[in-house]
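Structural characterization, general
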Amino acid sequence: MTSRPDPDALLRDLDIQQQAVCRHQQGPLCVLAGAGTGKTRAITHRLAYGVAAGVYRADQVMALTFTAKAAGEMRVRLRRLGVPGVQARTFHAAALAQLRHFWPDAVGVRQPHVLPGKLPVLQDAAARLHLEPGTDVLRDVAAEIEWRKVRDLTIDQYLRLQRPAPGGLAADRVAELMSLYERVKDERREIDFEDILLATCGMLRTQPQVAAQVREQYRVFVVDEFQDVSPIQFQLLRTWLGRRQEVCVVGDPSQTVYSFAGADPRLLTGFAEQFPDAAVMHLTHDYRSTRQIVGVANRLIESQPGALRLETDAEGPEVEIAPFSDQQAEAAAVAARARQLIAGGANPADIAVLVRVNAQTAPFERAFAAAGVPCAVRQAVPFFARPAVAK
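First, a word on what this report is: a plain description of the structure on this page. (Residues numbered from 1 in each chain as written. Predicted model: local features only at pLDDT ≥ 70, side-chain atom pairs only at ≥ 80, totals over all residues. Heavy atoms only, no water.)

With that out of the way, let us pick up the packing of helix 2 (residues 16-23) against helix 3 (residues 39-52). Closest axis-to-axis distance for the helix 2/helix 3 pair is 8 Å, and the angle between their directions is 40°. The orientation of helix 2 with respect to helix 3, classified from their angle, is oblique. At the point where helix 2 passes helix 3, the crossing takes the right-handed sense. For the pair formed by helix 2 and helix 3, the contact residues are Gln-18, Val-21, Cys-22 and Arg-23 on the first element and Arg-41, Ala-42, His-45, Arg-46 and Tyr-49 on the second. Residue composition of the contact of helix 2 with helix 3, grouped by class: four nonpolar, two polar and three charged. (Axes fitted to C-alpha atoms, helices over the stretch in contact; angles between N-to-C directions. Helix = DSSP H or I, 4+ residues; strand = E, 2+ residues; numbered from the N terminus. Parallel < 35°, antiparallel > 145°, perpendicular 65-115°, else oblique. Left-handed = near helix turned anticlockwise from the far one by under 90°. Contact = heavy atoms within 4.5 Å. Nonpolar A, V, L, I, M, F, W, Y, C, P; charged D, E, K, R; others polar.)

Printed below as a string of structure tokens:
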């Protein structure tokens, strides 16, 4: 039998704010954690501390993240802390596992097939309605279907919001297309990615015996990156909890990424409204950046509701901010600056250009090539190696 880790030993390398998070083990907890403040370290140590102190067993915990990679990293960290039994999964993976396990007994039939994509079903639905929208328009309709579902809206509720119709389609035609899309899926006994969450919610709400088994198994929930939770994910979390309130959420309202896809950061900033007994704690010491960078970041977000002001002791060079007329001018200036640094003795491997999305690398790659400065693209296909460019 594996021995429990020493609770006090788990706190030794944590700062005061992180230790406070670990020691709070009863009731709902909201941790507002800025970038570089060690939030993953804090919540994994909190879980290990709870297990070590005998507050709960590792197999009673469900830790929810937004990517399979993040879930894997959390499991590795917990194993290193002596807590290997925690379930760390994405919302969809956790929900799908429950559907597969309970659906045959709860519903009496095999679980529907999960669609790899919406486009084929949408094409079928459009043909039945004698519509001939292009593939791009159907992709936009698919995005609207996803947005509607993660916002937990009916088609009528969606229409009342009067969102711009994809591809210039009339609103009533979009509604018909959405309705027929659902009907075609039902005919084929298929569900889409968002249906996984909706179906799990429905199963737990209509099958008390299933809900009781799930709640008996999982008594404690932790949710990372809570600023990117959508309304349907929040509803599923509430359904998993039932009447319990043993939930810890961690996030930063200034790091919201998925609002365009239906995420609602107000679920984080308004967490105490949903859970009136919740404690709210802050992680504000940035271990990743210098004082100069943190100062710029604080000024950029100071007008945002709920923004966290960070602090740090690390020193570095002042941040230079330069405006440009367009992306090409920006890329040319960055390439020229890199060439200047290299000529002055800088190691090219010490120079990095950060972009928001992979599509933004192309102008920089062209500018570096024009400046005679070799560069490498990380986690993306280099521009000049892409098939469309190579041709």
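Time to look at the packing of aromatic side chains. Evaluation of the coordinates by the stated rule reveals seven aromatic pairs. Arranged with centres 6.4 Å apart and planes meeting at 65°, the rings of Trp-147 and Tyr-158 form a pair that is edge-to-face. One end of the pair, Trp-147, is in helix 7 (residues 135-150); the other, Tyr-158, is in helix 8 (residues 155-160), with 11 residues separating them in the sequence. Tyr-158 shares its class with Trp-147; the two are buried. Aromatic rings pair up to connect Phe-66, Phe-91, Phe-221 and Trp-240 into one cluster. When the ring centre of Trp-147 is taken as reference, the NZ or CZ atom of Arg-163 above it lies at 3.7 Å. Positioned over the ring face of Phe-275 is Arg-238, at 4.4 Å from the centre of the ring. (Phe/Tyr/Trp six-rings, centres within 6.5 Å; stacked < 30°, edge-to-face > 60°. Buried < 20%, exposed > 50% of the residue type's maximum accessible area, 1.4 Å probe, protein only. Lys NZ or Arg CZ within 6 Å of the ring centre and 35° of its normal.)

Alternating positions in strand 6 (residues 220-223) separate into two faces, Val-220 and Val-222 on one and Phe-221 and Val-223 on the other, with burial throughout. Relative to strand 6, strand 2 (residues 61-65) runs parallel, the two being bridged by four bridges. Opposite Ala-63, over in strand 6, you have Val-222 as the bridge partner. Direction of pairing for strand 6 relative to strand 7 (residues 247-251): parallel, over a ladder of three bridges. Across the sheet, Val-222 pairs through a bridge with Cys-248, a residue of strand 7. (Pairing = 2+ DSSP bridges.)

Contact pair helix 5 (residues 91-107) / helix 10 (residues 193-206): the axes reach a minimum separation of 9 Å and the direction vectors enclose 55°. Our classification of the angle between helix 5 and helix 10 gives oblique. You can see that helix 5 and helix 10 cross each other, and the crossing is left-handed. The segment helix 5 lies against helix 10, with Phe-91, His-92, Ala-95, Leu-96, Gln-98, Leu-99, Phe-102, Trp-103 and Ala-106 engaging Phe-193, Ile-196, Leu-197, Ala-199, Thr-200, Met-203 and Leu-204. Partitioned by chemical class, the residues of the contact of helix 5 with helix 10 number 13 nonpolar, three polar and no charged.

So, about unusual backbone geometry. Located in the positive-phi region is Asp-152, a residue other than glycine, with phi close to 60°. Given a relative accessible area of 35%, Asp-152 falls into the partly exposed group. Phi at Arg-189 is positive, roughly 55°, even though this residue is not glycine. With respect to the secondary-structure elements, Arg-189 resides in the loop between helix 9 (171-188) and strand 5 (190-191). Owing to a relative accessible area of 40%, Arg-189 belongs among the partly exposed residues under this scheme.

Once that is clear, we can look at a nonpolar patch on the surface. Together, Val-257, Tyr-258 and Phe-260 make up an exposed nonpolar region whose accessible area comes to about 320 Å². Structurally, Phe-260 can be placed in the loop between strand 7 and helix 13 (266-269). Taking the relative accessible area as the measure of exposure, Phe-260 reaches 64% and is therefore exposed. (Patch = residues over 30% accessible without salt bridge, like charges linked within 9 Å, V, L, I, M, F, W, Y side chains within 5 Å. Areas by Shrake-Rupley, 256 points an atom, 1.4 Å probe, with all protein chains shown as cover. Salt bridge = Lys/Arg side-chain N within 4 Å of Asp/Glu carboxyl O.)

On to the sheet that holds strand 6. Taken in spatial order, the six strands make up an open sheet running 3-2-6-7-1-8, and their pairing is parallel. Bordering the open sheet on either side are strand 3 (87-90) and strand 8 (279-283), each of which pairs with just one other strand. Geometrically, the sheet is characterised by an average inter-axis angle of 15° between neighbouring strands, direction not taken into account. Where strand 1 (residues 29-33) and strand 7 come together, four bridges link them in parallel fashion. The residue bridging Leu-29 from the neighbouring strand is Cys-248, located in strand 7. Across the sheet, helix 4 (residues 68-80) lies against strand 2 and strand 3, angled at about 170° from strand 3, the strand it touches most.

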